[in-house]
Amino acid sequence: MNSLLIEAPAVAIAAAAGLTAYGAVYPRAQIFGRTICRTDSPRKLAITFDDGPNPAITPKLLDLFDRYNAKATFFLIGKFVRECPELVKETVARGHVVGNHTETHLNLFRLSPMQVRVELRLCHDAISHAAGAPPKWFRPPFGLRNPWVIPAARELGYQTVMWTLIPGDWREKPAEWLIERMQPIAHHAQQSLGNESSPASGTGDVLCLHDGTHRQLNGDRTRTLAALEHWLPRWRDLGLEFVTIAEAVRTPAP
Ligand SMILES: [Zn+2]
């Protein structure tokens with residue numbers, strides 16, 4: 001028997017598995033549905049936070065952002081929203097956007113279509129109740145998608161948001177390490193905005209940080225706060241504007 005005939009299916013299966021992994025994990029992959037990964041201008045930086053609300057950190061972030069007239073997007077976990085709805089209300093009242101990060105932060109890649117719908121719906125209801133309006137933006141836990149995650153989100157009217165930079169602020173590293181990992185934002189801004197004579201063109205960054213941890217409420221994110229205290233004035237001086245994801249994209253994905 002021709003060995004090619006035996007090996008070809010194995011190769012095809014391996015290739016399909018590779019494609020699935022790429023579509024599930026790679027933040028800017030679009031094969032499981034269209035996602036937003038960038039802002040529409042290099043001037044606009046969309047800072048996003050996952051895994052809150054977190055009473056230990058989110059109020060401090062809100063105060064820090066007020067100092068720079070900065071706006072951000074918070075992707076919330078439904079079970080935490082139910083524990084601190086007032087914090088969600090305040091986040092929205094201070095001009096930020098809140099989004100759906102599922103009810104319990106499971107790996108959606110492993111769930112059935114029905115289970116995915118339940119995870120989305122419970123968080124949707126929790127945020128709608130706390131914030132007074134349904135959220136419009138969704139980020140999957142761990143950034144993981146499968147063929148039915150984005151369509152399920154779309155059923156509830158969501159656009160799915162990924163990122164250009166995820167510096168890994170959940171790691172047990174000093175703030176200096178995290179500050180260094182966020183350097184690409186400034187580098188990109190210098191390249192795009194540094195030349196005064198030519199108008200800025202191209203796209204801007206979506207930064208993925210964490211104001212909470214999905215394991216429990218009141219997780220320690222002081223290094224994330226410290227890194228932003230370092231960077232916000234520097235990014236502002238480079239000409240960046242800190243916008244919500246709603247302000248980041250003029251023409252939303254269908
Ligand atoms: Zn998360």
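Above this text you will find the structure in question.
Residues numbered from 1 in each chain as written. Predicted model: local features only at pLDDT ≥ 70, side-chain atom pairs only at ≥ 80, totals over all residues. Heavy atoms only, no water.

Visitor: Lay out the packing of aromatic side chains with the relevant residues and their values.
Guide: A ring pair, where both rings are aromatic, is described by two values, the distance of the centres and the angle of the planes. A complete count under the given rule lists five aromatic pairs for this structure. Aromatic pair Trp231 and Trp235: ring centres 5.6 Å apart, planes at 10°, arrangement stacked. With Trp231 and Trp235 both in helix H9 (residues 222-237), this residue pair falls four residues apart, about one helical turn. On the basis of relative accessible area, Trp235 is assigned to the buried category, the value being 0%. Aromatic side chains Trp235 and Phe242 sit 6.4 Å apart centroid to centroid with 50° between the ring planes, which places their arrangement in the tilted category. (Phe/Tyr/Trp six-rings, centres within 6.5 Å; stacked < 30°, edge-to-face > 60°. Helix = DSSP H or I, 4+ residues; strand = E, 2+ residues; numbered from the N terminus. Buried < 20%, exposed > 50% of the residue type's maximum accessible area, 1.4 Å probe, protein only.)

Visitor: Summarise unusual backbone geometry; cite the residues concerned and give the values.
Guide: In terms of backbone geometry, most residues other than glycine have negative phi values and most peptide bonds are trans. In this chain, Gly52 is followed by Pro53 through a cis amide linkage whose omega measures 0°. Its location among the elements puts Pro53 in the loop between strand E2 (44-52) and helix H2 (58-67). One non-glycine residue, Asp51, lies in the positive phi region at around 80°. Structurally, Asp51 is set in strand E2. A positive phi angle, close to 75°, is found at Thr102, a residue other than glycine. Within the secondary structure, Thr102 is located in the loop between strand E4 (97-100) and helix H5 (113-131). Residue Thr102 is classed as buried on the basis of its relative accessible area, which comes to 0%.

Visitor: Please set out the coordination of the zinc ion residue by residue, giving values where relevant.
Guide: Every protein donor of the zinc ion is listed here as Asp51 (OD), His101 (NE2) and His105 (NE2), and their distances to the metal cover 2.0 to 2.1 Å. Each donor residue of the zinc ion lies on one chain, and together they are spaced D-x49-H-x3-H. You can see Asp51 sitting in strand E2 and its partner His105 sitting in the loop between E4 and H5, a full 54 residues away along the chain. The buried category is assigned to Asp51, whose relative accessible area is 4%. The buried category is assigned to His105, whose relative accessible area is 6%. (Donors = N, O, S within 2.8 Å, 3.2 Å for Na, K, Ca; no water.)

Visitor: For the pairing of strand E7 (residues 206-210), give the residues involved together with the corresponding values.
Guide: Burial analysis of E7 places five of its five residues in the buried class, which makes it a mostly covered element. Residues Val206, Cys208 and His210 of E7 are buried on one face, and the alternating residues Leu207 and Leu209, pointing to the opposite face, are buried as well. Two strands pair when backbone bridges link them, and E2 and E7 are joined in this way by five bridges, in the parallel orientation. Within E7, the residue paired with Phe49 across the bridge is Leu209. (Pairing = 2+ DSSP bridges.)

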